[in-house]
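Architecture and fold: a report
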Amino acid sequence: MDVLLLPFRWIYRGLVWFANSPRTLIISYLLMIVVAGVLYSHAEHKSAADSVWWAVVTASTVGYGDISPTSFAGRLLAALLISTMVLLVIPLITAHFASRLIVDDDAFEHAEQEELKADMRRLRALVEEMATRQGIAVPEPERAEPVSGPGSPAPPWERRRRHRRSR
């Protein structure tokens, strides 16, 4: 089964790499415009300038209609260019810039979280030591139980299901 999924993993990794590099996104967009323009120029016998103009208008999905393909090859090229842009390139560009806008600069990094946990352990040890000196019993901290596995409580949706069945 892993062998069958291998190509999809490669494609996924390629898309992640592609999406996380603005330079790659812009270069690929420009390359697609130039290649589509050259192919359109050969398929429809148009000038290079008109073909690049057609590629930009088609890729942006504006579609002014001043230049449109008449041959099967030109229409197939238009369908591929539009599909690639609408389903892949534009969403990746949008997602990239949206992720840059949404970044939480106040979020704790892993090192900071580990430092906080170590500080809490030291504080707990100090509190326990002080409580022992004063003769006070310190309650054990509540531990989060694993969500799944033997002996663990069922998640809320499972509890509801079990409760309904037992009625």
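Structure first, text after, so check above.
In this text, all values refer to a predicted model and were calculated from it rather than measured experimentally.

A few words on the environment of Arg75. Note on placement: Arg75 falls in helix α4 (residues 72-102). Relative accessible area serves as the criterion here: at 51%, Arg75 is assigned to the exposed category. Spatially, the C-alpha atom of Arg75 lies 9.4 Å from that of Ala43, the residues being 32 residues apart in sequence. Excluding residues that lie within four positions of it along the chain, Arg75 makes contacts with Pro69 and Thr70.

A separate point is the environment of Tyr29. Position of Tyr29 relative to the elements: it lies in helix α2 (residues 22-44). Residues Tyr29 and Val56, spaced 27 residues apart in sequence, show a C-alpha to C-alpha distance of 9.8 Å. Dropping the residues within four chain positions of it, Tyr29 is found in contact with Ala59 and Met85.

Okay, the pattern of salt bridges next. For the coordinates displayed, the defined rule picks out 4 salt bridges. With a closest N to O distance of 3.1 Å, Arg124 and Glu128 form a salt bridge. Highlighted residues: Arg124 and Glu128, both in helix α5 (residues 110-134), separated by 4 residues, approximately one helical turn. Classification of Arg124 as partly exposed rests on a relative accessible area of 25%. Since its relative accessible area comes to 32%, Glu128 is described here as partly exposed.

Calculation notes
- Sequence positions are assigned chain by chain, starting from 1 and proceeding in written order.
- Only residues with pLDDT of 70 or above have their local features reported here, since the model is predicted, and side-chain atom pairs are shown and tallied only from 80 upward, although totals for entire chains, interfaces and linings are computed over all residues.
- Heavy atoms from the whole structure form the basis of all side-chain values; hydrogens and water molecules are not counted.
- Secondary structure elements follow DSSP: runs of H or I of four or more residues count as helices, runs of E of two or more count as strands, with numbering from the N terminus.
- Partly exposed residues are those whose accessible area sits between 20% and 50% of the maximum for their type, while under 20% is buried and over 50% is exposed, using a 1.4 Å probe and protein chains only.
- Two residues form a contact once any of their heavy atoms are found within 4.5 Å.
- Salt bridges, as used here, are contacts in which a Lys or Arg side-chain nitrogen is within 4 Å of a carboxyl oxygen on Asp or Glu.

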